[in-house]
Amino acid sequence: MPWREVWESHGGRITGVTFGIVLGLIYLISGFWDMLFFALVVFIGYTLGKRKDTAQPPLFQWQELAQRLSGRWRPFK
């Protein structure tokens, strides 16, 4: 399978895992708990990338959330 096809079908997962590894390596210094956090960051990156690849909707509707919060907090301005 050529790299272009792999990137087109799994680009989000590749990007997510790469981002997770980079963030994990920044955080990872030593110790068991740091290793667990590293695994969690990689898993989150993979999951978000997989959601992008399969064209699933985002976990949070940010625009809707922003509208609800701005409407709710408007009286305090």
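Figured I'd write up the structure that's included with this text. Keep in mind the model is a prediction, meaning the values are calculated, not measured.

**Considering the pattern of salt bridges**
Pairs can form between side chains of opposite charge whenever their charged atoms are close.
(1) Moving on: For the structure on display, the rule yields 1 salt bridge.
(2) Moving on: With its nearest N and O atoms 2.9 Å apart, the salt bridge here joins Asp53 to Arg13. Of this pair, Asp53 sits in helix α2 (residues 32-53) while Arg13 sits in helix α1 (residues 3-27), and the two are 40 residues apart along the sequence.
(3) Moving on: Look at Asp53 and you get partly exposed, because its relative accessible area is 22%.
(4) Moving on: For Arg13, a relative accessible area of 19% translates into the label buried.

Criteria and cut-off values
Residues numbered from 1 in each chain as written. Predicted model: local features only at pLDDT ≥ 70, side-chain atom pairs only at ≥ 80, totals over all residues. Heavy atoms only, no water. Salt bridge = Lys/Arg side-chain N within 4 Å of Asp/Glu carboxyl O. Helix = DSSP H or I, 4+ residues; strand = E, 2+ residues; numbered from the N terminus. Buried < 20%, exposed > 50% of the residue type's maximum accessible area, 1.4 Å probe, protein only.

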